[in-house]
Amino acid sequence: MISVIILTKNEELDLPACLNAAKWSDDVHVLDSGSTDRTHEIAEQFHAHIWYNKFESFGRQRNYALDNINIRHNWILFLDADEIVTEACKLAIFTAIDQAPTEVAGFYLCWKMMLDDTWLRRCDNFPKWQFRLMRKGRARFTDFGHGQKEDCVDGQIDYIKEPYMHYGFSKGWHYWLERHNRYSSQEAAARLNNCPPLKNILAPHTSIRNPALKSWLSRLPGWPLLRFVQAYIFNLGFLEGTPGLIYCTNMGFYEFIIQIKMRELSKSKKLEPKNLTESVQV
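Everything numeric in this text was worked out from a predicted model, so none of it was measured.

Visitor: How do you make sense of the nonpolar core when you look at a structure like this?
Guide: Grouped burial of nonpolar side chains is what soluble globular proteins tend to show. One finds Ile6, Leu77, Phe107, Leu109 and Leu133 to be the most contacted residues of the largest nonpolar core, which totals 63 residues. Aside from chain neighbours lying at most four places away, what touches phenylalanine 107 is Trp75, Ala96, Ile97, Ala100, Gln130, Phe131, Arg132, Leu133, Ile157, Asp158, Tyr159 and Ile160.

Visitor: Would you take a moment to explain helix H7 (residues 223-234) for this structure?
Guide: Helical periodicity: at 3.6 residues per turn, an α-helix aligns residues three or four positions apart in one direction. All buried positions along H7 are accounted for by Trp223, Pro224, Arg227, Ala231 and Tyr232. Summarising the axial view, the buried residues of H7 lie within an arc of 155°, below the 170-degree limit, and thus occupy one face. With respect to the buried face of H7, the exposed residues turned more than 90 degrees away are Leu225 and Phe234. Downstream of H7 by a residue or two, leucine 236 has a phi angle that is positive, lying close to 65°.

Visitor: What am I meant to see in the pairing of strand E4 (residues 75-80) here?
Guide: Looking along a regular strand, one sees side chains alternate from face to face of the sheet. Judged by how many residues are buried, E4 sits mostly within the fold: six of six residues are covered. Every second residue of E4 is oriented toward a common face, with Trp75, Leu77 and Leu79 on one face and Ile76, Phe78 and Asp80 on the other, all of them buried. The pairing of strand E1 (residues 2-8) with E4 spans six bridges and is parallel. The residue bridging isoleucine 6 from the neighbouring strand is leucine 79, located in E4.

Visitor: Please clarify how the pattern of salt bridges should be interpreted in this entry.
Guide: Where charged atoms from two side chains of opposite charge approach closely, those side chains can pair. Considering all chains together, one arrives at 15 salt bridges under this definition. For glutamate 240, the salt bridge is made with arginine 122, and the minimal N-O distance between the two is 3.6 Å. Linking glutamate 240 in the loop between H7 and helix H8 (241-281) with arginine 122 in the loop between strand E7 (118-119) and strand E8 (129-135), this pair joins segments that are 118 residues apart in sequence. On the accessibility criterion, arginine 122 (34% relative accessible area) is partly exposed.

Visitor: Would you take a moment to explain the environment of isoleucine 84 for this structure?
Guide: Note that isoleucine 84 resides in strand E5 (residues 83-84). For the pair isoleucine 84 and alanine 21, spaced 63 residues apart in the sequence, the C-alpha separation amounts to 6.1 Å. Residues contacting isoleucine 84, with those up to four places away along its chain left out, are Ala17, Cys18, Ala21, Tyr164, Met165 and Tyr167.

Visitor: How should a nonpolar patch on the surface be read in this particular structure?
Guide: Residues Ile233, Phe234, Leu236, Phe238 and Leu239 make up a contiguous nonpolar surface patch of roughly 500 Å² in combined accessible area. With respect to the helices and strands, the residue isoleucine 233 is situated in helix H7.

Visitor: How do you make sense of the packing of aromatic side chains when you look at a structure like this?
Guide: To describe a pair of aromatic rings, you give the distance between the ring centres and the angle between the ring planes. For the structure shown, the criterion picks out 15 aromatic pairs. Relative to phenylalanine 94, the ring of tryptophan 24 lies with its centre 5.5 Å away and its plane at 75°, an arrangement referred to as edge-to-face. Here tryptophan 24 is found in the loop between helix H1 (15-20) and strand E2 (28-32), whereas its partner phenylalanine 94 is found in helix H4 (residues 87-99), with 70 residues between them in sequence. For tryptophan 24, a relative accessible area of 18% corresponds to the buried category. Relative to tyrosine 247, the ring of phenylalanine 169 has its centre 5.8 Å away and its plane inclined at 85°; by these criteria the two rings are edge-to-face. In this pair, phenylalanine 169 sits in the loop between strand E11 (156-166) and helix H5 (173-193) while tyrosine 247 sits in helix H8, placing the two residues 78 residues apart along the sequence. Put simply, the rings of Phe78, Tyr108, Trp129, Phe131, Phe141 and Tyr159 pair up and form one aromatic cluster. The ring of tryptophan 119 carries the charged tip of lysine 112 above its face, separated from the ring centre by 4.4 Å. Note that arginine 219 overlies the ring of tryptophan 216, its terminal NZ or CZ placed 5.5 Å from the centroid.

Visitor: Explanation requested: the side chain of glutamate 83 in the structure shown.
Guide: Locating glutamate 83 in the fold gives a position in strand E5. A distance of 2.8 Å separates a polar side-chain atom of glutamate 83 from the backbone nitrogen of aspartate 80. Ignoring any residue separated from it by four or fewer positions in sequence, one finds glutamate 83 in contact with Cys18, Arg132, Tyr164, Met165 and His166.

Visitor: Would you mind showing me how to read the UniProt feature "domain: Glycosyltransferase 2-like" (unreviewed entry) in the protein here?
Guide: Listed under "domain: Glycosyltransferase 2-like" (unreviewed entry) in the UniProt record, and renumbered for this structure, are residues 3-135. The annotated region residues 3-135 carries 28% helix and 33% strand content, and the separation between its end C-alpha atoms amounts to 10 Å.

Procedures and definitions
- Residues numbered from 1 in each chain as written.
- Predicted model: local features only at pLDDT ≥ 70, side-chain atom pairs only at ≥ 80, totals over all residues.
- Heavy atoms only, no water.
- Core = buried A, V, L, I, M, F, W, Y, C linked by side-chain atoms within 4.5 Å.
- Buried < 20%, exposed > 50% of the residue type's maximum accessible area, 1.4 Å probe, protein only.
- Contact = heavy atoms within 4.5 Å.
- Helix = DSSP H or I, 4+ residues; strand = E, 2+ residues; numbered from the N terminus.
- Arc of directions from axis to C-beta.
- Pairing = 2+ DSSP bridges.
- Salt bridge = Lys/Arg side-chain N within 4 Å of Asp/Glu carboxyl O.
- Patch = residues over 30% accessible without salt bridge, like charges linked within 9 Å, V, L, I, M, F, W, Y side chains within 5 Å.
- Areas by Shrake-Rupley, 256 points an atom, 1.4 Å probe, with all protein chains shown as cover.
- Phe/Tyr/Trp six-rings, centres within 6.5 Å; stacked < 30°, edge-to-face > 60°.
- Lys NZ or Arg CZ within 6 Å of the ring centre and 35° of its normal.
- Polar contact = N/O pair within 3.5 Å; in protein donor to acceptor, adjacent residues only side chain to side chain.
- UniProt positions renumbered as here; feature names shortened; annotations may be inferred.

Dropping the structure here:
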């Protein structure tokens, strides 16, 4: 069997569907970071184990779970509350771990980004991969941008191609914009200060290639507009109707915010030695 760990904070809207789709697991844990709504009550209704840790970052939160939660099974699946494991995805997961040789430490999973019941396959550059399924004790996480990536992996990571559902807009655009304004600061710092080697752009695996592409393309003038054109025109995102237009526009704006924050960070770094010298002279 598989243990499931779900990260939450004020997830009363999304958590019921997430937990309902994970009822096949007899070891479900909700790691909360300070909910003030009905999140705990809902978790109790589904007989999930509830844990608490103050949220600092996704990587640190997942590592806290690995270090402190009493995980029953050898395989661990990480989910966010706005994600749903479909029946097809569940079967693909069970098949994969049943056939996995011992050298496999875990699997990358991909998602279907949903907006107004429309799968944004073209707009969201499907598939996008995240390390979400792992053998206990065979890997950890590290922060990258606003999210996380795998770290200290003991073995190889394979891919499960059947996607899960991701409802990233379920709380409305106000919440999405507020959250992504915060995320943009983290992304700007990561892309500027932890830029992957240029050679990673040619890597065969998107999990390695995409972080490098983001970091290097963010330095191009006009990149936010290029991001919109790439997704909406060249990837045929316009075929996904109004949801596609809304999504591509907002992702272009998100890249614009990241870019100007990178510019601010870069300027502040250049000013630091000058300010230090002026302070010494005074």
